[in-house]
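Coordinate inspection notes
One-letter residues, chain by chain:
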2 protein chains.
Amino acid sequence: MSRGPALRVALLGAGVVGSQVARLLTENGDEFAARIGAPLELVGVAVRRPARHPEVPAHLLTTDVAGLVARDDVDVVVEVIGGIDPTRELLLTALRRGASVVTANKALLAEHGPELYEAADAAGADLYFEAAVAGAIPLIRPLRESLAGDRITRVMGIVNGTTNFILSAMTADGVGYAEALAEATRLGFAEADPTADVDGFDAAAKAAILASIAFHTRVGASDVYREGIAEVSAADIRAARRIGCTIKLLAICERLTDDDGGEAVSARVHPVMLPDAHPLAGVDGAYNAVYVEAESAGRLMFYGPGAGGAPTASAVLGDLVAVGRNRLAGGRGPRESAAADLPARSMESVSSRFHISLDVDDRSGVLAAVAGAFAEAGVSISTVRQEGRDTGGGEGAALVVVTHAAPDTVLSDTVARLSELEYVHRVTSVMRVMGDLR
Amino acid sequence: MSRGPALRVALLGAGVVGSQVARLLTENGDEFAARIGAPLELVGVAVRRPARHPEVPAHLLTTDVAGLVARDDVDVVVEVIGGIDPTRELLLTALRRGASVVTANKALLAEHGPELYEAADAAGADLYFEAAVAGAIPLIRPLRESLAGDRITRVMGIVNGTTNFILSAMTADGVGYAEALAEATRLGFAEADPTADVDGFDAAAKAAILASIAFHTRVGASDVYREGIAEVSAADIRAARRIGCTIKLLAICERLTDDDGGEAVSARVHPVMLPDAHPLAGVDGAYNAVYVEAESAGRLMFYGPGAGGAPTASAVLGDLVAVGRNRLAGGRGPRESAAADLPARSMESVSSRFHISLDVDDRSGVLAAVAGAFAEAGVSISTVRQEGRDTGGGEGAALVVVTHAAPDTVLSDTVARLSELEYVHRVTSVMRVMGDLR
């Protein structure tokens, strides 16, 4: 079956993902050879402490990662060590001498994607990264290739398992953020330092990648507006339940039309109240799902495990097979296309509906005063509801306002103004709403 | 932006899908050119009656379809006319002279796939068919490329919108099959002659394609076991509701292990009782969804509109962009891989759990007699329940049996034997069950 010369693979990292990649390459070698038409040969595995990797044949282990990527008999470098430095330089070295690269490094791609794409282009090498977004869920290839004949208008995803686990636990058990985070840490769903996850950095890097691919343009991590979940309270969750919604941390990439008719893109990460009937609302625990809207295709959803050693290894190995097939065909796969080159817009250009809860005086005139503040700012109210105090402590009532779509900045100003109203004790919750409320 | 020579496209058919392809090619020409790096040029549209297509520029229309595919200035043929003859010969002609082919023709691929793949291979041309299964849902490329580094164990899909619409209506409205079919016809979800859909031929063709791609082997339409939904009764639907299940017509492709440890595949289409908690159970109306299980990736689901002019055109155009990019890179995309070459097994090799409803005498000894018949056949019973008669008419009781997994043929024999028991009036429903019952 194997007609071509072996494709020689260097593996950088043998942690949770890398060890699975090494194992599967060895165990399923014959299948890979048959599918590609040439065998895959693992020629080196760069690790920090070789003694910790008894599962990898000793002669393959090396601590000289720079030496490994510079070897001119290496056809493809698989990078699963993460981080920006020295990883960026290592991958550039590999690409510049014509080796293809398969990486799961979302942060690096979001920060330095263009530089890496250009190096790959210049050398005629492949740069694949299916594993960088949503683990094993095929997403990059469907967006870049299957939907290349369509116009994607929006990509909306649950792309961080840690925060989804925490929000699911808060919803199911009624616990607060701190308690849910502690549980996630105890069960291994959150890292000791959960900042990258809970503050939305991880999701923002993925949003940058998704927006770049979906809109044929270049969106970097710094173009992505970012709010995490640390401010989401049990009261927010209860407020969402009352209007038939679930709170999810979403990465949202949208095609916008500017006032002058020109096109632009927005990429952002923030918590959202999502109606229970929305396909993303039912995605619980550590699962990931990405919802795509395109002009011709309509609404699509991709769902699956978003992380973990084996699922991520599946994505890495799929890319490796693609590199192998391309090499054997004497070429490379489709390049990244940044042809549309659309400008990225900040939150100032984005309009959202908002759900706002206020603690107010329980007396007449309050509703008029609050409605007046919205009217003054030009924010149109969809519904307003008075209800029993949710947060306890003191006299008063709770007022819940859902607005029609309003510019993000205008809304912030309005909320600031509400806080200053005599009747308003406190703005207890402000959250964006997506989808159709019942 | 456009650096390459134009890719010259011949379109066969200008019906629901073809007219959308022609429209989008014209309207979004600049975007295609930018994404591919070369423009797409529509050079001819073959139709039966040119007068019926005022939307297509008159100079492009031709009734000479054989002449169009034989033109040596055509780089790619897009086929959306369907049917086996003369379509098969037309596409072979195109492939043999080196033109690539993009087709939505599931029946042709399921019947003559190998012949077409071989012609494409021999000529170094692309043969793409994302639109043949599940409309705009990216499925072929994810299975063939993204999951090429994994071992897919099962693919299970709702791939026919007509039957899903009918079963959804039967479930939601409690109506019988005939009434739901009439409603589907009235609303345009079923054709005047619904045979291909309701008898499972359409789903079986898609099962053959999915099994071939997923298992790197060749599965034809004749290898697929097929049962339609015409026998599904309102009583079946009610029986499913009572055990927390929904009835769906599924295309199921499985990797099997033979008794001697060798591997084989099974592809089949039949109605299934699926627990409401299963992700496929909630897919209603004309939507399609495909659930994939793989050793490393775990469980994935792909969801979206399964038919319609625009969604199918989206899939066709995605393939067209891929052909264009491949041509420009001087090559072609990954070939079909039939490397595994696994034998296809008939239903005799497949085991399923079954849900069986019986009308029986309402007297002691019935349960023992029925249980005895199962025991004699070696079929293990999971649960048995006696309940009020569901089907009306006459005295007696209803007995509902759910079995553990049993070979399909053994089960058929058992059901035949049950019918002959003195106490048993009638076997009212026999249906396979998948997933975990609550």
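Being a predicted model, the structure only gives us computed values, none of them experimental.

**Quick word on the overall build of chain A**
Looking only at helices and strands, one finds 14 helices and 17 strands in chain A. Expressed along its principal axes, the backbone C-alpha trace of chain A runs to roughly 85 × 50 × 35 Å. Considering only contacts in chain A between residues 6 or more positions apart, those separated by 24 or more positions represent 74%. For chain A, the accessible surface area stands at approximately 16400 Å², while carbon and sulfur atoms represent 49% of it.

**Some thoughts on the pattern of salt bridges**
Within this structure, the stated rule accounts for 63 salt bridges over all chains. For the salt bridge of Glu145 of chain A with Arg144 of chain A, the shortest nitrogen-to-oxygen distance reads 3.7 Å.

**Comments concerning the UniProt feature "binding site: NADPH" (unreviewed entry) in chain A**
Residue and element names in this part refer to chain A. In the UniProt entry, the feature "binding site: NADPH" (unreviewed entry) is given for Lys106. A residue is classified by how much of its surface remains accessible, and Lys106, at 23% relative accessible area, is partly exposed. If we skip the residues at most four places from it in the chain, Lys106 touches Ala132, Asp202, Ala205, Lys206 and Ile209.

**Some points on the interface of chain A and chain B**
At the interface, 45 residues of chain A touch 45 residues of chain B. For the pair chain A and chain B, the summed buried area comes to about 3900 Å², and 54% of that belongs to carbon and sulfur atoms. Seen at the junction of chain A and chain B, the total is four salt bridges. For Glu31 of chain A, the salt bridge is made with Arg151 of chain B, and the minimal N-O distance between the two is 2.5 Å. Counting the contacts that link chain A with chain B gives 14 residue pairs in polar contact (both at pLDDT 80 or more). Elements that contribute at least two residues to the side of chain A that touches chain B include exactly helix H2 (29–36), helix H6 (140–146), strand E12 (298–305) and helix H12 (309–328) of chain A. Its residues placed into classes, the side of chain A that touches chain B shows 23 nonpolar, nine polar and 13 charged. One ladder, built from three bridges, connects E12 of chain A with strand E12 (residues 298–305) of chain B; its direction is antiparallel. Looking at E12 of chain B, one finds that Tyr303 of chain A is bridged to Met301 of chain B.

**Let's talk about the relation of the copies chain A and chain B**
Rotating chain A by 180 degrees and translating it 0.0 Å along the rotation axis places it on chain B, where the RMSD comes to 0.0 Å. Taken together, these values place the two copies in the relation of a two-fold axis. Among all residues of chain A, the one whose C-alpha sits closest to the rotation axis is Phe302 of chain A, at a distance of 2.4 Å. A shared interface surface links the copies, since 100% of the contact residues of chain A are contact residues in chain B too.

**What about the packing of helix H13 (residues 366–377) of chain A against helix H14 (residues 408–420) of chain A?**
Residues and elements named next belong to chain A. Orientation of H13 relative to H14, taken along the N-to-C sense of each, is 145 degrees, at an axis distance of 10 Å. Crossing angle aside, the handedness with which H13 passes H14 is right-handed. Between H13, through Val370, Ala373, Phe374, Glu376 and Ala377, and H14, the contact on the second element is made entirely by Val410, Thr414, Arg417 and Leu418. Classifying every residue of the contact of H13 with H14 gives six nonpolar, one polar and two charged.

**Observations regarding helix H4 (residues 87–96) of chain B**
All names here are of chain B. For H4, the complete set of buried residues consists of Thr87, Leu90, Leu91, Leu92, Ala94 and Leu95. Packed against the buried residues of H4 are strand E1 (7–12), helix H3 (65–70), strand E4 (76–79), strand E5 (100–103) and helix H5 (106–123). Following H4 by one or two positions, Gly98 adopts a phi angle in the positive range, close to 95 degrees.

**Notes on the packing of aromatic side chains**
According to the stated counting rule, one finds seven aromatic pairs over all chains in the structure shown. Between Phe302 of chain A and Phe302 of chain B, the ring centres sit 6.0 Å apart and the planes meet at 80 degrees, which makes this aromatic pair edge-to-face. Separated into two different chains, Phe302 of chain A in strand E12 and Phe302 of chain B in strand E12 make up a pair that spans both. One exposure class covers both Phe302 of chain A and Phe302 of chain B, and it is buried. Positioned above the aromatic ring of Phe201 of chain A, the side-chain terminus of Arg226 of chain A is 3.7 Å from the ring centre.

**Regarding the pairing of strand E15 (residues 397–403) of chain B**
It is a general feature of regular strands that their side chains alternate between the two faces of the sheet. Residue and element names in this part refer to chain B. Most of E15 is tucked away, with seven of its seven residues classed as buried. Neither face of E15 is exposed, since Ala397, Leu399, Val401 and Thr403 on one face and Ala398, Val400 and Val402 on the opposite face are all buried. Taken together, the six bridges between strand E13 (residues 351–360) and E15 define a ladder with antiparallel strand orientation. Directly across from Leu358, in E15, lies its bridge partner Leu399. Across six bridges, the pairing between strand E14 (residues 381–387) and E15 is antiparallel. Opposite Ile381, over in E15, you have Thr403 as the bridge partner.

**Regarding helix H8 (residues 177–186) of chain A**
All names here are of chain A. For H8, every residue scored as buried is listed here: Tyr177, Ala180, Leu181 and Ala184. Viewed along the axis of H8, the buried residues span an arc of 100 degrees, placing them on a single side of the element. Set apart from the buried face of H8 by more than 90 degrees, the exposed residues are Ala178, Glu179 and Arg186. Remark: Gly188 follows H8 within two positions and exhibits a positive phi of approximately 85 degrees.

**Some details on the sheet that holds strand E3 (residues 61–62) of chain A**
Whenever strands of a sheet pair, they do so through backbone hydrogen bonds, lying parallel or antiparallel. Spatially, the six strands line up as an open sheet ordered E3-E2-E1-E4-E5-E6 (chain A), and their pairing is parallel. The open sheet is flanked by E3 and strand E6 (127–128) of chain A, the only strands paired with a single partner.

**Section: the domain arrangement of chain A**
The domain architecture assigned to chain A consists of domain 1 (7–138 + 309–328), domain 2 (140–305) and domain 3 (350–433). Computed over C-alpha atoms, the centres of domain 1 of chain A and domain 3 of chain A are 52 Å apart.

**Looking at unusual backbone geometry**
A cis amide bond links Asp85 of chain A to the next residue, Pro86 of chain A, at an omega of 5 degrees. Look at Asp341 of chain B: it is not a glycine, yet its phi comes out positive at around 50 degrees. Position of Asp341 of chain B among the secondary structure elements: in the loop between helix H12 (309–328) and E13.

Analysis parameters
Residues numbered from 1 in each chain as written. Chains lettered and ligands numbered in written order. Predicted model: local features only at pLDDT ≥ 70, side-chain atom pairs only at ≥ 80, totals over all residues. Heavy atoms only, no water. Helix = DSSP H or I, 4+ residues; strand = E, 2+ residues; numbered from the N terminus. Contact = heavy atoms within 4.5 Å. Areas by Shrake-Rupley, 256 points an atom, 1.4 Å probe, with all protein chains shown as cover. Salt bridge = Lys/Arg side-chain N within 4 Å of Asp/Glu carboxyl O. UniProt positions renumbered as here; feature names shortened; annotations may be inferred. Buried < 20%, exposed > 50% of the residue type's maximum accessible area, 1.4 Å probe, protein only. Buried area = accessible area lost by both parts, 1.4 Å probe. Polar contact = N/O pair within 3.5 Å; in protein donor to acceptor, adjacent residues only side chain to side chain. Nonpolar A, V, L, I, M, F, W, Y, C, P; charged D, E, K, R; others polar. Pairing = 2+ DSSP bridges. Least-squares fit on C-alpha atoms with pLDDT ≥ 70 in both. Axes fitted to C-alpha atoms, helices over the stretch in contact; angles between N-to-C directions. Left-handed = near helix turned anticlockwise from the far one by under 90°. Phe/Tyr/Trp six-rings, centres within 6.5 Å; stacked < 30°, edge-to-face > 60°. Lys NZ or Arg CZ within 6 Å of the ring centre and 35° of its normal. Arc of directions from axis to C-beta. Domains from an automatic or database assignment.

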